[in-house]
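Each chain, letter by letter, is given below.
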Amino acid sequence: MIHPFVSGNKFRKLKYNLQQAKIENHDTLLTFGGAYSNHIAAVAAAGKEHGFKTIGIIRGDELSIEYLENPTLKFASECGMQFDFISREDYRKKSDVDFISKLKARWGSFYLIPEGGTNALAVLGCQEILTENDMQFDFVCCCVGTGGTISGLINSSELHQKIIGFPALKGDFLMEEIRKFAANDRWELIDDYIFGGYAKISKELVDFINSFFITTKIPLDPIYTGKMVFGVIDMIQKNYFPENSKILMIHTGGLQGIEGMNMKLQKRHSPLLLKDVL
């Protein structure tokens, strides 16, 4: 609810990066993402609002043919973002110096924002998520994509608080990424609620998200927050948390991805996420 299009943690991650881009007199933002990326949608919207041109380096060259049928890319395009659709093999080079040099040769000068938006400035923005009122909580839970949001929460947490992250995908690399930014060790990653992998979803998870929305009127996205909330409630039922613990769950937005997920579910003739969520 922090912004109609630059939702949740994306607003926090972009805040100081946009300021830095202006300080460095850049007029163009370049970033990376997949077909349904919350980050791509957020950068496109933020660029439009703050007067930047935007370039999205998109994973999957096959997407160039019908990208306007993809709700995320269509939205980003309507915000003025230009796309460069590259192969998955080339996409893996996104951090290589030579690859970045080639992008500069093609697109000219730009301010680079990493995939998912995580860098030191993003972590600085995410440190502002927790407020003085949140100090009452014993546990702070969030989903984890590239590690920026949880790093900010770790750094601004109090001594009595533990930060619990729920990764969207398996991999030890996340631990290393978080350690680059985290100022203490009062945190843990729980990877028991990945539901088969990144962007994978089951009927059980769809039913949970729909039931949660009907009960609370709080929509959850299926890639990140839905899995985190499922995990927290399951861990409560399994007595992971001490009795009378106060638990805070951070909603990181990402609701724009629901439409794309429903397109996938429809092709599989599977139950859909409630349209009222949008």
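Let us look at the structure shown here. (Residues numbered from 1 in each chain as written. Predicted model: local features only at pLDDT ≥ 70, side-chain atom pairs only at ≥ 80, totals over all residues. Heavy atoms only, no water.)

Things to note about the nonpolar core
Link 1 in the chain: With 28 residues, the main nonpolar core has F166 and F208 as its most contacted residues.
Link 2 in the chain: Those elements that place two or more of their residues in this core are β5 (139–144), β6 (162–167), α9 (203–216), α10 (225–237) and α11 (257–267).
Link 3 in the chain: Residues in contact with F208, not counting those within four places in the same chain, are L220, G226, V229, F230 and I233.
Link 4 in the chain: Residues A21, A45, L73 and F83 belong to the second largest nonpolar core, which totals 23 residues. (Core = buried A, V, L, I, M, F, W, Y, C linked by side-chain atoms within 4.5 Å. Buried < 20%, exposed > 50% of the residue type's maximum accessible area, 1.4 Å probe, protein only. Helix = DSSP H or I, 4+ residues; strand = E, 2+ residues; numbered from the N terminus. Contact = heavy atoms within 4.5 Å.)

Description of the environment of G47
Link 1 in the chain: With respect to the secondary-structure elements, G47 resides in helix α2 (residues 38–50).
Link 2 in the chain: Excluding anything up to four places from it in sequence, G47 contacts L29, F52 and T54.

Overview of the sheet that holds β6
Link 1 in the chain: The 4 strands are arranged β7-β6-β5-β8 in an open sheet whose pairing can be described as parallel. Each of the sheet's edge strands pairs with one partner strand only, and the pair in question is β7 (187–189) and β8 (247–249). Across the sheet, the mean angle separating the axes of adjacent strands is 20° when strand polarity is ignored.
Link 2 in the chain: Bridging between β6 and β7 involves 3 bridges; their strand directions are parallel. If you follow G165 over to β7, its bridge partner there is L189. (Pairing = 2+ DSSP bridges. Axes fitted to C-alpha atoms, helices over the stretch in contact; angles between N-to-C directions.)

With respect to the pattern of salt bridges
Side chains bearing opposite charge may pair, as long as their charged atoms lie close to each other.
Link 1 in the chain: Within this structure, the stated rule accounts for 13 salt bridges.
Link 2 in the chain: Salt bridges linked by common partners bring R59, K94 and E115 together as one network. (Salt bridge = Lys/Arg side-chain N within 4 Å of Asp/Glu carboxyl O.)

Some remarks on the packing of α2 against helix α3 (residues 71–78)
Link 1 in the chain: At their nearest, the axes of α2 and α3 sit 8 Å apart, and the two run at 15° to each other. Taken as axis vectors, α2 and α3 run roughly parallel relative to one another. Considering only the axes of α2 and α3, their crossing is left-handed. Contacts between α2 and α3 involve I40, A41, A44, A45 and K48 from the former and T72, L73, F75, A76 and E78 from the latter.
Link 2 in the chain: Looking at the contact of α2 with α3, its residues break down into 7 nonpolar, 1 polar and 2 charged. (Parallel < 35°, antiparallel > 145°, perpendicular 65-115°, else oblique. Left-handed = near helix turned anticlockwise from the far one by under 90°. Nonpolar A, V, L, I, M, F, W, Y, C, P; charged D, E, K, R; others polar.)

Structural notes on the side chain of K227
Link 1 in the chain: On the secondary structure map, K227 appears in helix α10.
Link 2 in the chain: With no salt bridge to any partner, buried K227 finds its closest opposite charge in D221, at an N-O distance of 8.3 Å.
Link 3 in the chain: Here the side chain of K227 touches K200 through a polar contact of 2.8 Å, landing on its backbone oxygen.
Link 4 in the chain: If we skip the residues at most four places from it in the chain, K227 touches Y193, I194, F195, G197, A199, K200, L205 and P222. (Lys, Arg positive; Asp, Glu negative; His and termini not counted. Polar contact = N/O pair within 3.5 Å; in protein donor to acceptor, adjacent residues only side chain to side chain.)

Brief notes about the sheet that holds strand β3 (residues 82–86)
Link 1 in the chain: A sheet is described by the order of its strands in space; here 4 strands give the open sequence β3-β2-β1-β4, paired in parallel fashion. The sheet terminates laterally at β3 and β4 (111–112), the two strands that pair on one side only.
Link 2 in the chain: As paired elements, strand β1 (residues 28–33) and strand β2 (residues 53–59) share 6 bridges and run parallel to each other. Looking at the pairing, T31 lines up with G56 of β2.
Link 3 in the chain: Against the sheet, α2 makes contact with β1 and β2, and its axis sits at roughly 170° relative to β1, the strand it touches most.

Details of the pairing of β2
Each regular strand carries side chains that alternate between the two faces of the sheet.
Link 1 in the chain: The buried fraction of β2 is high, at 5 of 7 residues.
Link 2 in the chain: Once you follow β1 into α2 and on to β2, the crossover reads as right-handed.
Link 3 in the chain: Both β2 and β3 contribute to a ladder of 5 bridges, which runs parallel. When the bridges of β3 are listed, R59 appears paired with I86.
Link 4 in the chain: Once the chain exits β2 it traverses α3 before rejoining the sheet at β3, and the crossover so formed is right-handed. (Right-handed = clockwise from strand over helix to strand, strands pointing away.)

Concerning the packing of aromatic side chains
Link 1 in the chain: Applying the stated rule across the entire model yields 13 aromatic pairs.
Link 2 in the chain: Considering the side-chain rings of F83 and F85, the 5.5 Å spacing of their centres and the 50° angle between planes classify their relative orientation as tilted.
Link 3 in the chain: Seen from their ring centres, F208 and F230 are 5.1 Å apart, and the 75° between their planes marks the pair as edge-to-face. Within this pair, whereas F208 is found in helix α9, its partner F230 is found in helix α10, the two being separated by 22 residues in sequence. Assigned by exposure class, F208 and F230 land together as buried.
Link 4 in the chain: Each residue in the set F166, Y193, F195, F208, F212 and F230 is aromatic and connected to the rest through ring pairs, giving one cluster.
Link 5 in the chain: If you follow R59 out to its NZ or CZ, it ends over the ring of Y91, 5.3 Å from the centre. (Phe/Tyr/Trp six-rings, centres within 6.5 Å; stacked < 30°, edge-to-face > 60°. Lys NZ or Arg CZ within 6 Å of the ring centre and 35° of its normal.)

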